[in-house]
Protein chains: 2
Amino acid sequence: MVKIAIDAMGGDNGPSTVLAGADIALVRRPELTFQLFGDEQAVLPLLDNYPRLKAVSTFTHCEVTVQMDDKPSQALRKGRWKSSMWRALEAVKKGEADVALSAGNTGALMAMSKFCLRTMAGIERPALAALWPTMRGESVVLDVGATINADAQQLIDFAMMGGAMARALLDVERPTVGLLNIGVEEMKGLEEVRVAGQILKEANLDHLEYVGFVEGDDIGRGTVDVVVTEAFAGNIALKTAEGTARQIGSYLRDAMGRTLLGRIGYFFAQGAFKELRQKLDPRASNGAVLLGLNGIVIKSHGGTDGEGFANAVEVGYSMARNGLLAKISQDLGDYHRAGFVREVAEIVNEGAP
Amino acid sequence: MVKIAIDAMGGDNGPSTVLAGADIALVRRPELTFQLFGDEQAVLPLLDNYPRLKAVSTFTHCEVTVQMDDKPSQALRKGRWKSSMWRALEAVKKGEADVALSAGNTGALMAMSKFCLRTMAGIERPALAALWPTMRGESVVLDVGATINADAQQLIDFAMMGGAMARALLDVERPTVGLLNIGVEEMKGLEEVRVAGQILKEANLDHLEYVGFVEGDDIGRGTVDVVVTEAFAGNIALKTAEGTARQIGSYLRDAMGRTLLGRIGYFFAQGAFKELRQKLDPRASNGAVLLGLNGIVIKSHGGTDGEGFANAVEVGYSMARNGLLAKISQDLGDYHRAGFVREVAEIVNEGAP
């Protein structure tokens, strides 16, 4: 049994998407149970439409809903203790649920998660990790939005947490890890990226294989299982890839629709185009993981539909099922036993300007 | 007449690509003349194959060739005064050529350009600007590789230089400009991006329209004519987009080739696929511009072919023809006359941590 605590009010369409998604997920994973948090007038009438889901769910009424445009500080002020987002996180904190899931305001979710669950021992800042479809399968890319200007130590933490996530989700024993960098020789990246690379190389960790720097085009190529970067560049890379996929999709539609031959070709190749659409379907990779907290927190895209939300539930399910938190603790433990590494970090950081 | 000084040794294939490309460019723009710099044994025998090109070119023998893997400091040490790269830049410095063009080592080209041509008055650091194909046409994106960790003042300089480039190349009178940022509410980007945005908004410049922050997916959408960012995120965005395009191309080939119906569809829609290939052809957007120097310097991809190199020549041609340098000076002048702006910058920068 895996217990998922859900902020039923999160996302552009709130409970209608959330309940539809949870119901789809339940068909795939009958061992799921749910704790739903939200406004009773918005949630309960809808829940009656999903008897299967209702049978394995508890519902808790919450007076406050965090809005998509609330600032994190606002959200904390008005929503701490009593919002549906907070209560879902709290269920994880109390051990009543294995996973907290929200499609709500990302900044608010990050702030509340940190406040409610606290970061794991040895981790300063959380990271938001995305599953990125690649030519080889999938890779973990982090940080795509939580900690901008991460320093060398934080990048190393991200490498370990991303490695643990890859072990939990991608069925690899010793995932390959690369630090995202730029190829221009003169300056070969940022000081903190260079330092993190040097330390990861020397640490020679049991649970991940550090392979060096990778560039932006290595992400889609699937060169490594885990791509590590700070959140500003990571978020821009993620959004740029999404934009490029949309752009090419639009080119393709235009080109196929413009001429009769194109339309005939499209008719014959419908199956191929369907396959392509599935490969590029952003719903299939929905569900980012907030790593580094004392609990599993999943962020769904706010604009997704039931199918996409079900995928976010599935990510939470796999994380809980495969012991994400234990894997992260294990990796951090290995790393801290390799005490010299942290010393190196301190020395190099002191030496930096 | 536009005079192009070319480092004939630059690029993965050196003179064979360079000469083929210059010859193609010459057919399109018969008013071009060339100054070729390189090793006489490598260049002169090949040049005989291009009588049309030879007729409008001078050739200067250079003893030293900067290698693709030379560090910039190495390149400067061995190649200053006497390498083909340096001599091409020097031709611009002396006013003998309008544009310097190299497909060689990017870091070396940036270092030599700064050393040889110096930055324009009021510009601290150069920026590398790319032409990015979008759903609306093309946008200028900078910095994609020259100045990492640009501060607020440098981002403002980039906005003005990118705006001038858009005016010179994209036929817009008052280009729209956006600062690349991330959408996560909690931290809404870096301090320097916020400060630059505030100042650009208050400055209300004649020659560009600052529209605010844009995100990674706005680049391909063509939301603005000019996207401004520091070089780490910019280079990663560029490479990520290239990688995503390759990835989708590979998905598409696989999907169309796997079934008979897919292959039949492909047969009928060949024209549409050709159109798509042309839209995605990286050669069509080859030729990045090193902005902020006392002279026009174009960087071609090292791995391109003659067609791609010809496009880089074309970019140089347009820049010279449309008075890029005068446009940048004009914009900087306007900006400096708006003296209060720089004061604001100083105040805000002092206030920053």
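Reading guide: rules and limits
Residues numbered from 1 in each chain as written. Chains lettered and ligands numbered in written order. Predicted model: local features only at pLDDT ≥ 70, side-chain atom pairs only at ≥ 80, totals over all residues. Heavy atoms only, no water. Helix = DSSP H or I, 4+ residues; strand = E, 2+ residues; numbered from the N terminus. Rg over C-alpha atoms; globule rule 2.2 N^0.38 Å. Buried < 20%, exposed > 50% of the residue type's maximum accessible area, 1.4 Å probe, protein only. Pairing = 2+ DSSP bridges. Least-squares fit on C-alpha atoms with pLDDT ≥ 70 in both. Contact = heavy atoms within 4.5 Å. Buried area = accessible area lost by both parts, 1.4 Å probe. Salt bridge = Lys/Arg side-chain N within 4 Å of Asp/Glu carboxyl O. Polar contact = N/O pair within 3.5 Å; in protein donor to acceptor, adjacent residues only side chain to side chain. Axes fitted to C-alpha atoms, helices over the stretch in contact; angles between N-to-C directions. Domains from an automatic or database assignment. Nonpolar A, V, L, I, M, F, W, Y, C, P; charged D, E, K, R; others polar. Disulfide = S-S within 2.5 Å. Phe/Tyr/Trp six-rings, centres within 6.5 Å; stacked < 30°, edge-to-face > 60°. Lys NZ or Arg CZ within 6 Å of the ring centre and 35° of its normal.

### A closer look at the overall build of chain A
Here is step 1: The helix and strand tally for chain A stands at 15 helices and eleven strands.
Here is step 2: A globule of 353 residues ought to have a C-alpha radius of gyration of about 20 Å, and chain A, at 21 Å, matches this closely.
Here is step 3: Expressed along its principal axes, the backbone C-alpha trace of chain A runs to roughly 60 × 60 × 35 Å.
Here is step 4: The buried share among the 353 residues of chain A stands at 59%.

### Structural notes on the pairing of strand β7 (residues 176-180) of chain A
Residue and element names in this part refer to chain A.
Here is step 1: Along β7, five of the five residues are buried, which leaves the element largely enclosed by surrounding structure.
Here is step 2: Along β7, one buried face is formed by Thr-176, Gly-178 and Leu-180 and the opposite face, lined by Val-177 and Leu-179, is buried too.
Here is step 3: As defined by bridge partners, β7 adjoins strand β8 (residues 209-214) across five bridges and the pair is classed as parallel. What sits directly across from Leu-180, in β8, is Val-214.
Here is step 4: Pairing of β7 with strand β9 (residues 226-228) involves three bridges; the strand directions are parallel. Looking at β9, one finds that Gly-178 is bridged to Val-227.

### Quick notes on the relation of the copies chain A and chain B
Here is step 1: With an RMSD of 0.0 Å, chain A superimposes on chain B once it is rotated by 180° and translated 0.0 Å along the axis. Expressed as a symmetry operation, the mapping of one chain copy onto the other fits a two-fold axis. Across chain A, the rotation axis passes nearest the C-alpha of A:Gly265, at a separation of 1.8 Å.
Here is step 2: Mapped onto chain B, 100% of the interface residues of chain A are again interface residues, and the two copies thus contact each other with one and the same surface.

### Here we look at the interface of chain A and chain B
Here is step 1: Counting from both sides, the interface comprises 65 residues of chain A and, opposite them, 65 residues of chain B.
Here is step 2: Between chain A and chain B, roughly 5,700 Å² of surface is buried when both sides are summed, and carbon and sulfur atoms account for 71% of that area.
Here is step 3: A per-residue breakdown of the area chain A buries against chain B is headed by A:Phe232, A:Tyr251 and A:Phe268, which together make up 12% of the total.
Here is step 4: Put simply, chain A and chain B have six salt bridges between them.
Here is step 5: A salt bridge links B:Asp217 to A:Arg246; the nearest nitrogen and oxygen atoms lie 3.2 Å apart.
Here is step 6: At the surface where chain A touches chain B, the tally comes to twelve residue pairs in polar contact (both at pLDDT 80 or more).

### Some remarks on the sheet that holds strand β10 (residues 288-291) of chain B
All names here are of chain B.
Here is step 1: Taken together, eleven strands build an open sheet; the order of strands is β3-β2-β1-β4-β11-β10-β5-β6-β9-β7-β8 and the sheet is mixed. Strands at the two margins of the open sheet, each flanked by one partner only, are β3 (57-61) and β8 (209-214). Between one strand and the next, the sheet's axes are offset by a mean angle of 25°, whatever the strand orientation.
Here is step 2: Inspection of the sheet shows strand β6 (residues 138-142) paired to strand β9 (residues 226-228) by three bridges, in the parallel sense. Looking across to β9, one finds that Val-141 is bridged to Val-227.
Here is step 3: The strands touched by helix α1 (residues 15-28) are β1 (2-7) and β2 (32-38); relative to β2, the strand with the most contacts, the crossing angle is about 170°.
Here is step 4: Contacts from helix α13 (residues 306-321) reach β1, β2, β4 (99-102), β5 (127-133), β10 and β11 (296-299) within the one sheet, and its direction differs from that of β1 by about 140°.

### Focus: the domain arrangement of chain A
All names here are of chain A.
Here is step 1: Examined at the domain level, chain A breaks down into domain 1 (1-117) and domain 2 (125-287 + 307-353).
Here is step 2: For domain 1 versus domain 2, the distance between C-alpha centres works out to 26 Å.
Here is step 3: Each side of the interface is counted separately: domain 1 has 22 residues, and domain 2 has 16 residues.
Here is step 4: In total, about 1,500 Å² of surface goes out of reach between domain 1 and domain 2, with carbon and sulfur atoms giving 71% of it.
Here is step 5: Sorting the residues of domain 1 by area buried against domain 2 places Arg-28, Arg-29 and Met-110 first, and these three jointly supply 30% of that buried surface.
Here is step 6: The tally of links from domain 1 across to domain 2 stands at two salt bridges.
Here is step 7: We note a salt bridge from Arg-28 to Glu-307, for which the minimum N-O separation is 2.6 Å.
Here is step 8: Inspection of the domain 1/domain 2 interface yields three residue pairs in polar contact (both at pLDDT 80 or more).
Here is step 9: Of all the secondary structure elements, the ones that give two or more residues to the side of domain 1 that touches domain 2 are β1 (2-7), α1 (15-28), β2 (32-38), β4 (99-102) and α6 (106-117).
Here is step 10: It is α1 that contributes the most residues to the side of domain 1 that touches domain 2, seven residues altogether.
Here is step 11: Residue classes in the side of domain 1 that touches domain 2 are distributed as 14 nonpolar, three polar and five charged.

### Observations regarding the sheet that holds strand β3 (residues 57-61) of chain A
Residues and elements named next belong to chain A.
Here is step 1: With mixed pairing, eleven strands are arranged side by side in an open sheet as β3-β2-β1-β4-β11-β10-β5-β6-β9-β7-β8. Only two strands of the sheet have a single neighbouring strand rather than two, namely β3 and β8. Sheet twist, expressed as the average angle between the axes of neighbouring strands with direction ignored, equals 25°.

### Comments concerning the pattern of salt bridges
One side chain can pair with another of opposite charge once the charged atoms of both are near each other.
Here is step 1: Applying the stated rule across the entire model yields 34 salt bridges over all chains.
Here is step 2: Between A:Asp70 and A:Lys78 there is a salt bridge, with the nearest N and O atoms lying 2.8 Å from each other.
Here is step 3: Here A:Asp70 falls in the buried class, since its relative accessible area comes to 6%.
Here is step 4: For A:Glu90, the salt bridge goes to A:Lys94, with nearest N and O atoms at 4.0 Å.
Here is step 5: A relative accessible area of 17% places A:Glu90 in the buried class.
Here is step 6: Within the structure, one salt-bridge network assembled from shared partners comprises A:Asp217, A:Asp218, A:Arg221 and B:Arg246.

### Concerning the state of the cysteines
All names here are of chain B.
Here is step 1: According to the stated counting rule, one finds zero disulfides over all chains in the structure shown.
Here is step 2: Cys-116 supplies the cysteine sulfur nearest to Cys-62, a cysteine that is in no disulfide, at a spacing of 12 Å.
Here is step 3: Assessed through its relative accessible area of 1%, Cys-116 is described here as buried.

### Focus on the packing of aromatic side chains
Here is step 1: Evaluation of the coordinates by the stated rule reveals seven aromatic pairs over all chains.
Here is step 2: Residues B:Trp86 and B:Phe115 carry aromatic rings whose centres are separated by 6.1 Å and whose planes lie at 55° to one another, so their mutual orientation is tilted. Separated by 29 residues along the polypeptide, B:Trp86 in helix α5 (residues 84-93) and B:Phe115 in helix α6 (residues 106-117) bring together distant segments of the chain.
Here is step 3: For B:Phe115, a relative accessible area of 29% puts it in the partly exposed group.
Here is step 4: Both rings, one in B:Phe267 and one in B:Phe268, keep their centres 5.7 Å apart while their planes meet at 80°; by these two values the pair is edge-to-face.
Here is step 5: A relative accessible area of 55% places B:Phe267 in the exposed class.
Here is step 6: Aromatic ring contacts, followed pair by pair, group A:Trp81, A:Trp86 and A:Phe115 into a single cluster.
Here is step 7: Across from the ring centre of B:Phe115, 5.3 Å away, lies the NZ or CZ of B:Arg118, which sits over that ring.

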